[in-house]
Amino acid sequence: MWQNAYDLAQEKHSGAIRQLVDEFTQREMAIRDELQSRADTAIEHLREDVEMQNERLQMCEDQKRNAEAQERETKRQLATVEDQNRRLQQELNDAKRELDGLTTELSQ
């Protein structure tokens, strides 16, 4: 009789422990699922942010290349204009000397 009562009490106690373990396991799994879902969402957002930043970086690099090309073209054009100005200045100086020479000849 005592053994039977002990066995029943132990079985009841074991059943309560199994129930607590099952509840704990279910809660743990739910928490893990929630954390995994949050992590997956955060990772996806980070991937989207990285992709967007990469696109922005590519646009900036394209703009930089375009600006550098414009700068080179502007410098080339400036050099051409400066060269033309030097030639025109030289022609003007030559014309002034010739005019001065003619003026001197006429005054003599």
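Residues numbered from 1 in each chain as written. Predicted model: local features only at pLDDT ≥ 70, side-chain atom pairs only at ≥ 80, totals over all residues. Heavy atoms only, no water.

Q: Talk me through the overall build of the protein; I want residue IDs and the actual numbers.
A: Within the protein one finds one helix and zero strands. Its C-alpha atoms give the protein a radius of gyration of 46 Å, more than 25% over the compact-globule value 13 Å for 108 residues. Counting only C-alpha atoms and orienting by the principal axes, one finds that the protein spans roughly 155 × 15 × 10 Å. A total accessible area of about 10,400 Å² is found for the protein, and carbon and sulfur atoms account for 55% of it. Distance from the positive charge centre (16 side chains) to the negative charge centre (25 side chains) of the protein: 3 Å. (Helix = DSSP H or I, 4+ residues; strand = E, 2+ residues; numbered from the N terminus. Rg over C-alpha atoms; globule rule 2.2 N^0.38 Å. Areas by Shrake-Rupley, 256 points an atom, 1.4 Å probe, with all protein chains shown as cover. Lys, Arg positive; Asp, Glu negative; His and termini not counted. Charge placed at Lys NZ, Arg CZ, Asp CG, Glu CD.)

Q: Which residues make up a negative patch on the surface, and what values do they have?
A: A cluster of acidic residues, Glu44, Glu48, Asp49, Glu51 and Glu55, forms a negative patch on the protein surface. Tracing the backbone through its elements, the reader meets Asp49 in helix α1 (residues 2-107). What makes Asp49 partly exposed here is its relative accessible area of 39%. (Patch = residues over 30% accessible without salt bridge, like charges linked within 9 Å, V, L, I, M, F, W, Y side chains within 5 Å. Salt bridge = Lys/Arg side-chain N within 4 Å of Asp/Glu carboxyl O. Buried < 20%, exposed > 50% of the residue type's maximum accessible area, 1.4 Å probe, protein only.)

Q: Quick one: what's the story with the environment of Gln63, residue by residue and with numbers?
A: Within the secondary structure, Gln63 is located in helix α1. Since its relative accessible area comes to 53%, Gln63 is described here as exposed. Put simply, Gln63 and Glu48 are 15 residues apart on the chain and 23 Å apart in space, counted from C-alpha to C-alpha.

Q: Summarise the pattern of salt bridges; cite the residues concerned and give the values.
A: One pass over the full model with this rule turns up nine salt bridges. Between Arg38 and Glu34 there is a salt bridge, with the nearest N and O atoms lying 2.9 Å from each other. One end of the pair is Arg38 and the other is Glu34, both in helix α1 and four residues apart, which spans about a single turn. Ionic pairing is found between Lys64 and Glu68, a salt bridge with its closest N-O pair at 3.9 Å. Placement of the pair is Lys64 and Glu68 together in helix α1, with a separation of four residues, close to one helical turn. Salt bridges sharing common partners tie together Asp83, Arg86 and Arg87.

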